[in-house]
Amino acid sequence: MATVLVASNRGPVSYKLQDDGGLDARKGGGGLASALSGISSPDNLWVCAALSEADREAVSRGVAEPGVRMLDIPPEVYADAYNGIANSVLWFLHHHLYDVPREPVFDAEFRRQWESYRAYNEAFTEALAAEAAHGAAVLVQDYHLALVPGQLRKARPDLRIAHFTHTPWASPAYLRMLPDDIREELLRGMLGADELGFHTRAWAKEFRACAEQPGLSGTHVAVHPLGVDADDLRKMAHTPEVDARLAELRAEIGPRRTIVRVDRTELSKNILRGLLAYRELLTTRPEWREKVVHLASAYPSRQDLESYRAYTQAVRDLADAINSEFGTADWQPVLVSVKDDFTRSLAAYRLADVALVNPVRDGMNLVAKEIPVVSEEGCALVLSTEAGAYEELHEDALTVNPFDVTATAEALHRALTMPPAERKDRTRRLASAATAFPPQRWFLNQLASLRDR
Ligand code: F6P
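Rules of the game
Residues numbered from 1 in each chain as written. Predicted model: local features only at pLDDT ≥ 70, side-chain atom pairs only at ≥ 80, totals over all residues. Heavy atoms only, no water. Helix = DSSP H or I, 4+ residues; strand = E, 2+ residues; numbered from the N terminus. Rg over C-alpha atoms; globule rule 2.2 N^0.38 Å. Buried < 20%, exposed > 50% of the residue type's maximum accessible area, 1.4 Å probe, protein only. Areas by Shrake-Rupley, 256 points an atom, 1.4 Å probe, with all protein chains shown as cover. Lys, Arg positive; Asp, Glu negative; His and termini not counted. Charge placed at Lys NZ, Arg CZ, Asp CG, Glu CD. Pairing = 2+ DSSP bridges. Axes fitted to C-alpha atoms, helices over the stretch in contact; angles between N-to-C directions. Contact = heavy atoms within 4.5 Å. 1 Å grid on protein atoms, 1.4 Å probe; cavity = no way out; pocket = protein on both sides within 12 Å on 5 of 7 lines; lining within 4 Å. Points joined across faces, edges and corners; volume = space filled by probe spheres on them. Nonpolar A, V, L, I, M, F, W, Y, C, P; charged D, E, K, R; others polar. Near = heavy atom within 4 Å. Polar contact = N/O pair within 3.5 Å; in protein donor to acceptor, adjacent residues only side chain to side chain. Core = buried A, V, L, I, M, F, W, Y, C linked by side-chain atoms within 4.5 Å. Domains from an automatic or database assignment. Right-handed = clockwise from strand over helix to strand, strands pointing away. Salt bridge = Lys/Arg side-chain N within 4 Å of Asp/Glu carboxyl O. Phe/Tyr/Trp six-rings, centres within 6.5 Å; stacked < 30°, edge-to-face > 60°. Lys NZ or Arg CZ within 6 Å of the ring centre and 35° of its normal.

Trainee: Go over the overall build of the protein chain with me, naming the residues and quoting the values.
Mentor: When you go through the protein chain residue by residue, the secondary structure sums to 18 helices and 15 strands. Computed over its C-alpha atoms, the radius of gyration of the protein chain comes to 22 Å, within 12% of the 22 Å expected for a compact globule of 453 residues. Principal-axis analysis of the C-alpha atoms places the extent of the protein chain at approximately 65 × 50 × 40 Å. Evaluated residue by residue, the protein chain yields a buried proportion of 56% over its 453 residues. Carbon and sulfur atoms provide 50% of the accessible area of the protein chain, an area that totals close to 18,700 Å². Between the averaged position of the 52 positive side-chain charges in the protein chain and that of its 64 negative side-chain charges there is a distance of 4 Å.

Trainee: Kindly report on the sheet that holds strand 9 (residues 220-223), identifying the contributing residues and their values.
Mentor: The parallel open sheet is built from seven strands, whose spatial order is 5-4-1-6-7-8-9. This sheet does not close on itself; its edge strands, each paired only once, are strand 5 (68-71) and strand 9. On average, each strand axis in the sheet is inclined to that of its neighbour by 20 degrees, with strand direction left out of account. Relative to strand 6 (residues 132-141), strand 1 (residues 2-7) is paired through five bridges, and the arrangement is parallel. Counted as the bridge partner of Ala2 is Ala132 from strand 6. Each of strand 1, strand 4 (44-49), strand 5 and strand 6 touches helix 4 (residues 108-131); the most contacted strand, strand 4, lies at about 160 degrees to it.

Trainee: Residue-level account of the layout of surface pockets, with values.
Mentor: If you add up the space inside the second largest pocket, you get close to 260 Å³. Along the walls of the second largest pocket sit 16 residues, with Gly84, Ser88, Val89, Tyr98 and Glu103 positioned nearest its centre. Put simply, the parts of the chain that give the lining of the second largest pocket at least two residues each are helix 3 (75-94) and helix 4. No other element matches the four residues that helix 3 contributes to the lining of the second largest pocket. Grouping the amino acids of the lining of the second largest pocket by side-chain chemistry returns eight nonpolar, four polar and four charged.

Trainee: For the site of the ligand, give the residues involved together with the corresponding values.
Mentor: Residues in close proximity to the ligand include Arg10, Tyr82, Trp91, Asp142, His166, Thr167, Arg264 and Arg302, which together make up its full environment. The side chain of Arg10 places a nitrogen or oxygen atom 2.8 Å from an oxygen atom of the ligand. Here the ligand has 400 Å² of accessible area as a free molecule, and 70% of this is covered by the chains. For the shell around the ligand, the per-class residue count stands at two nonpolar, two polar and four charged.

Trainee: I'd love a proper account of the nonpolar core, names of residues and values included.
Mentor: Membership of the largest hydrophobic core comes to 132 residues, with the highest contact counts inside it found for Phe124 and Phe207. Each of domain 1 (2-226 + 439-451) and domain 2 (230-434) gives at least three residues to this core. Membership of the second largest hydrophobic core comes to 24 residues, among which are Met70, Leu139, Leu226 and Leu447.

Trainee: So what about the pairing of strand 13 (residues 354-357)? Which residues, and what values?
Mentor: For a regular strand, side-chain orientation follows a simple rule: the groups alternate between the two sheet faces. Burial along strand 13 is two-sided: Val354 and Leu356 and Ala355 and Val357, pointing in opposite directions, are all buried. As judged from the two bridges shared by strand 10 (residues 257-264) and strand 13, these two strands associate in the parallel manner. Across the sheet, residue Val260 finds its bridge partner in strand 13, namely Ala355. Where strand 13 meets strand 14 (residues 380-384), four bridges bridge the pair, whose relative direction is parallel. Pairing of Leu356 across the sheet is with Val382, part of strand 14. Tracing the backbone out of strand 13, into helix 14 (residues 367-374) and back to the parallel element strand 14 gives a crossover that is right-handed.

Trainee: A description of the pattern of salt bridges should follow, citing residues and the corresponding values.
Mentor: Summed over all chains, the structure comprises 36 salt bridges. We note a salt bridge from Arg261 to Asp263, for which the minimum N-O separation is 2.7 Å. For Asp263, a relative accessible area of 6% corresponds to the buried category. In this structure, Arg428 and Asp425 form a salt bridge, with 3.1 Å as the shortest nitrogen-oxygen distance.

Trainee: Which residues make up the packing of aromatic side chains, and what values do they have?
Mentor: The way to describe two aromatic rings as a pair is by their centre distance and the angle between their planes. The full count for this structure, using the stated rule, is 14 aromatic pairs. Ring centres 5.6 Å apart and planes at 35 degrees place the aromatic pair Phe198 and Phe207 in the tilted group. Assessed through its relative accessible area of 0%, Phe207 is described here as buried. Chaining the aromatic ring pairs together yields one cluster made of Tyr78, Tyr82, Phe106, Phe110, Trp114, Tyr117, Tyr120 and Phe124. Residue placement shows Arg302 over the ring face of Trp91; its charged tip is 4.0 Å from the ring centre.

Listed below in structure tokens is the structure:
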């Protein structure tokens with residue numbers, strides 16, 4: 001029986017089917033995985049969902065990594081819960097992404113998908129209830145599992161339950177779009193926890209405002225900002241593969257300055273307005289033509305959803321349009337990479353003169369914290385006021401309203417012209433703020449705080 005349990009949709013391992021029928025286990029990166037790897041003990045258990053056919057195959061063959069239990073939830077239930085509710089409803093609500101004249105539409109189909117979301121949460125609840133020792137601590141992650149705390153509280157009142165939201169939380173006006181009974185179920189699910197964690201004061205405040213009606217009684221709302229592990233990140237950024245990629249990029253870019261962004265192709269990341277701002281910079285400040293390159297890594301995400309596929313294509317099209325408008329025989333203004341290539345991203349981090357992080361709304365945004373830690377010459381950070389990282393980094397960043405393309409273009413110009421000494425000083429302070437709560441500390445703080453409840 002486990003004494004510390006973590007539950008999340010995506011787990012620390014995924015499987016790939018080999019040509020010979022064997023299964024290859026791949027360890028995932030990410031803050032949570034590294035937080036837990038440092039404190040792994042036989043008494044810990046990570047419960048996650050099987051995400052692919054290969055994962056399901058691993059579950060059916062009884063293949064498992066130590067300390068991990070993967071749940072084989074029926075694929076149709078999983079698809080409704082993950083794509084239908086978590087990514088198309090809850091994600092859109094928390095990031096304020098709806099195109100309101102057309103969406104959302106809460107109809108019979110939505111109700112059907114919500115049943116699946118409830119069933120998917122129940123599958124986690126059952127596994128946690130079966131695996132947890134008496135009085136164990138259970139740390140539930142994110143909007144996929146918002147109903148688990150309430151369900152688990154009923155099944156196992158002895159447990160100490162925390163829930164951590166990695167996204168923003170919707171404003172009360174936005175959350176009120178949900179049908180009343182569903183909104184109530186969502187909030188009551190969350191309020192089953194002893195402690196609810198958010199990355200920033202702003203998101204905790206939104207939650208409190210939304211939960212006033214059902215009553216917050218008994219649930220502690222806490223702020224635990226997640227940071228990066230400087231040593232880990234520097235080690236990953238200085239492998240021979242990254243060195244080689246860096247040399248290639250340097251040869252391609254030449255002596256020009258670099259504006260770097262790295263994101264999932266995610267609607268909330270505001271990649272299109274970032275490109276529009278770069279285009280405006282090249283238009284209004286022609287002195288930058290031929291002198292700067294925008295390195296954009298936008299690795300594919302949630303491509304099962306049409307809105308994400310269309311967004312990814314729009315990013316490609318706009319980058320192409322900028323390249324045709326301004327490009328010359330030996331200068332390509334935007335180098336965009338739409339693939340999952342962490343080596344290239346790390347090389348780009350090291351090269352960054354300017355980091356552009358302009359989400360329309362973002363739980364934290366670890367890229368804003370990672371780039372200052374590894375950039376070689378120090379980077380000027382252009383940062384959205386709506387990124388969670390704004391709370392910790394705003395003093396040393398150039399902050400922008402993410403909807404204001406002209407202001408973003410101006411901030412890019414200021415960033416590119418920042419004197420080197422100022423840039424170095426700011427980067428040093430940014431890196432120190434970014435590494436204040438590395439994943440292990442972030443995790444242990446939550447555990448300690450839960451034990452005090
Ligand atoms: O921001 C919330 C989050 O769950 C992150 O922890 C993660 O980077 C991202 O969303 C991943 O989404 P998905 O698992 O759908 O690819």
